[in-house]
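The primary structure of each chain is shown beneath.
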Amino acid sequence: MTVDFAVRLAGAAGRVLTPGGGRVVVGKDPRLSGYMFESALEAGFVAAGVDVKLLQVMPTPGIAFLTKALGADFGVVISASHNPYFDNGIKFFDHRGSKLSDHTEAAIERALEEPVTTNDPASLGKAERRYDAVDRYHAFCRQSVGDTDFSGLNLVVDCANGATYKVAPRVFSDLGADVMTIGCSPNGRNINEGCGSTAPDRLRTTVTAVGADLGVAFDGDGDRVLLVGPDGSLIDGDDMVYLLALDRQRRGELKGPVVGTLMSNLGLELALREHGIGFERTKVGDRHVLSRLHEVRGTIGGEGSGHVLCLDRTTTGDGIITALQVVAALRDNGGDLKEQLSGFYKFPQHLVNVRIDEPFDFAADASVGAAVVRAEERLGARGRVLLRASGTEPLIRVMVEGEDESLVAGLAAELASAVQAAARGRGEASA
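Residues numbered from 1 in each chain as written. Predicted model: local features only at pLDDT ≥ 70, side-chain atom pairs only at ≥ 80, totals over all residues. Heavy atoms only, no water.

A. Representation of the packing of helix 1 (residues 3-17) against helix 2 (residues 33-47) in the model. As a packed pair, helix 1 and helix 2 sit with axes 7 Å apart at the nearest point and diverge in direction by 40°. As summarised for this structure, helix 1 and helix 2 are arranged oblique, according to the angle between their axes. The way helix 1 lies across helix 2 gives a crossing that is right-handed. Across the interface between the two elements, Val3, Ala6, Val7, Ala10, Gly11, Ala13 and Gly14 from helix 1 touch Met36, Phe37, Ala40, Leu41, Gly44 and Phe45 from helix 2. Classifying every residue of the contact of helix 1 with helix 2 by side-chain character gives ten nonpolar, three polar and no charged. (Axes fitted to C-alpha atoms, helices over the stretch in contact; angles between N-to-C directions. Helix = DSSP H or I, 4+ residues; strand = E, 2+ residues; numbered from the N terminus. Parallel < 35°, antiparallel > 145°, perpendicular 65-115°, else oblique. Left-handed = near helix turned anticlockwise from the far one by under 90°. Contact = heavy atoms within 4.5 Å. Nonpolar A, V, L, I, M, F, W, Y, C, P; charged D, E, K, R; others polar.)

Right, here's the structure in full:
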């Protein structure tokens, strides 16, 4: 992404989302390039007649909340999420703090092709910095758990040297927890570097070394979270979805089915079924989970990566809100993490990425289809096979899941070989 692109994107978004002028809130994570792109977006929005409220370093879900709370027409976050510091990107929220629709995104893409224009001086937007953003988001997070008291709880909080470093430790501490922090010293270049939810080993070591009750690891922009148990075990998004669904069911607050993705563990589906809770799958990606939850009027869903949605508390995936909800559920329901997860047997999953030279319709290939049928027959009713093309790389992802780990690994290797052979044969035929 270039500065020129950021200016043009701001102008295009302003023309599409607020054609007569309006208000936008802009936040960022602490990576070095965020300050440069913030200035570029500010220029583009002001030129298009949009008033800009600059909200400093803030988690992505904090911007979603503040877009609605401050009455803005839309919100923008400058962040590359869990990626290294040298990457960056731009995310949008509508006036409700939800992701933009596909239709709206397509309209902005079309507007990018139009010439860059600047309003006349009387119609330019204004820019101002807001210094109350962190306090307002902190209050919102804290009230999401009501009167629950975290006193006596020893936590290690890893903020990935990212956008949660100002808010997350303070929220847990204000609720009574004894908080130790790591990954809370961002310098613009160390975001996600050997810490956070994408690299939780340091947190796991720290939790066991200091005898903490729980570890909490966010990603760089704070929309994902993973937990670490007192024994160093990793608690992923599927585990948290299970805990939250059962907690809401006990409270009589669960609405609709739980929504996961094609990659959600089969054990989650079966465990929820044991409790009479419906489960639906959608395509991989939090926007698909969110869309399906809205369609079925559900409130709990997510992905194993730690992108969990609690729509009874907020409008988007929020790592801090998710962690608070899980900790509150543990406190309210007995506090023993291992015991509360005992009803969830996680099936072994084996994933193989098959690199291909060019896309091909593997689903229509007879040899691949036959290999899938053989694998499914050997797995029976308590196993799954999933083949899907990567949306960003020349890969076909082969996933096999079942109760027998060695069988799962062997079948994944066989299917990967079948896909490789089919791809190679297609290449030779076209040569």
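B. Layout of the packing of aromatic side chains. Following the criterion strictly, the structure yields nine aromatic pairs and no others. Ring centres of phenylalanine 65 and tyrosine 137 lie 6.4 Å apart, and the angle between their planes is 40°; this geometry places the pair in the tilted category. One end of the pair, phenylalanine 65, is in helix 3 (residues 60-69); the other, tyrosine 137, is in helix 5 (residues 133-143), and 72 residues separate them in sequence. The burial state of phenylalanine 65 is the same as that of tyrosine 137; both residues are buried. An angle of 10° between the planes, with centres 4.1 Å apart, marks the rings of phenylalanine 65 and phenylalanine 140 as stacked. Of this pair, phenylalanine 65 sits in helix 3 while phenylalanine 140 sits in helix 5, and the two are 75 residues apart along the sequence. Neither phenylalanine 65 nor phenylalanine 140 differs from the other in exposure class; each is buried. Here a set of aromatic residues connected by ring pairs shows up, and it is made of Phe45, Phe74 and Phe92. (Phe/Tyr/Trp six-rings, centres within 6.5 Å; stacked < 30°, edge-to-face > 60°. Buried < 20%, exposed > 50% of the residue type's maximum accessible area, 1.4 Å probe, protein only.)

C. Expanded view of the pattern of salt bridges. On inspection of all chains with the given rule, the structure shows 30 salt bridges. Here arginine 248 makes a salt bridge to aspartate 247, at a shortest N to O gap of 3.0 Å. Aspartate 247 matches arginine 248 in its accessibility class, with the two residues each being buried. If you follow the salt bridges from partner to partner, you end up with Asp247, Arg248, Arg251, Asp312, Arg313 and Asp332 in one network. (Salt bridge = Lys/Arg side-chain N within 4 Å of Asp/Glu carboxyl O.)

D. Just the nonpolar core, in detail. Counting residues in each nonpolar core, the largest one holds 61 residues, and the members touching the most others are Phe150, Phe172, Phe218, Leu227, Leu272 and Leu324. Sorting elements by how many residues they give to this core places helix 11 (residues 319-332) first, with eight residues. Residue contacts for leucine 324: discarding those within four places in its chain leaves Cys141, Ser144, Val145, Phe150, Val171, Phe172 and Leu175. The next biggest cluster of nonpolar side chains, apart from the first, holds 25 residues, and it includes Ala40, Phe45, Ile78 and Ile90. (Core = buried A, V, L, I, M, F, W, Y, C linked by side-chain atoms within 4.5 Å.)

E. Broad picture of unusual backbone geometry. Phi at glutamine 56 is positive, roughly 65°, even though this residue is not glycine. By the secondary structure assignment, glutamine 56 is in strand 2 (residues 51-57). Located in the positive-phi region is asparagine 192, a residue other than glycine, with phi close to 65°. As for its position among the elements, asparagine 192 is in the loop between strand 7 (178-182) and helix 7 (201-210). Judged by relative accessible area, asparagine 192 falls into the buried class, the value being 9%.

F. Layout of a nonpolar patch on the surface. Among the surface-exposed residues, Leu32, Tyr85 and Phe86 lie close enough to one another that they form a single nonpolar patch of about 310 Å² accessible area. Mapped onto the secondary structure, leucine 32 falls in the loop between strand 1 (23-28) and helix 2. On the accessibility criterion, leucine 32 (42% relative accessible area) is partly exposed. (Patch = residues over 30% accessible without salt bridge, like charges linked within 9 Å, V, L, I, M, F, W, Y side chains within 5 Å. Areas by Shrake-Rupley, 256 points an atom, 1.4 Å probe, with all protein chains shown as cover.)

G. Spotlight on the pairing of strand 8 (residues 214-218). Of all five residues in strand 8, five are buried, a share of seventy percent or more. Because side chains alternate across strand 8, one face comprises the buried residues Leu214, Val216 and Phe218, and the other comprises Gly215 and Ala217, equally buried. The pairing of strand 6 (residues 154-158) with strand 8 spans four bridges and is parallel. Directly across from valine 156, in strand 8, lies its bridge partner glycine 215. (Pairing = 2+ DSSP bridges.)

H. A look at helix 11. End to end, helix 11 covers 20 Å across 14 residues, agreeing with the expected 20 Å (1.5 Å per residue, within 8%). Counting buried positions along helix 11 yields twelve of 14 residues, so the element is predominantly enclosed. Among the residues of helix 11, Gly319, Ile320, Ile321, Thr322, Ala323, Leu324, Gln325, Val326, Val327, Ala328, Ala329 and Leu330 are the ones counted as buried. Taking the backbone nitrogen of isoleucine 320 as reference, a side-chain oxygen 3.0 Å away marks aspartate 318 as the first, capping residue of helix 11. (Expected span 1.5 Å × (residues − 1). Polar contact = N/O pair within 3.5 Å; in protein donor to acceptor, adjacent residues only side chain to side chain.)

I. Representation of the side chain of threonine 299 in the model. Tracing the chain through its elements places threonine 299 in the loop between helix 10 (286-296) and strand 13 (300-302). A relative accessible area of 8% places threonine 299 in the buried class. The residues touching threonine 299, leaving out its near neighbours within four places in the chain, are Leu254, Lys255, Leu293, Leu309, Cys310, Leu311 and Asp312.

J. Examining the packing of helix 8 (residues 237-251) against helix 9 (residues 266-274) more closely. Interhelical geometry of helix 8 versus helix 9 gives an angle of 10° and a closest axis separation of 10 Å. As the angle between them shows, helix 8 and helix 9 are arranged roughly parallel. Contacts between helix 8 and helix 9 involve Asp238, Val241, Tyr242, Ala245 and Leu246 from the first element and Leu268, Ala271 and Leu272 from the second. Grouping the constituent residues of the contact of helix 8 with helix 9 by class yields seven nonpolar, no polar and one charged.

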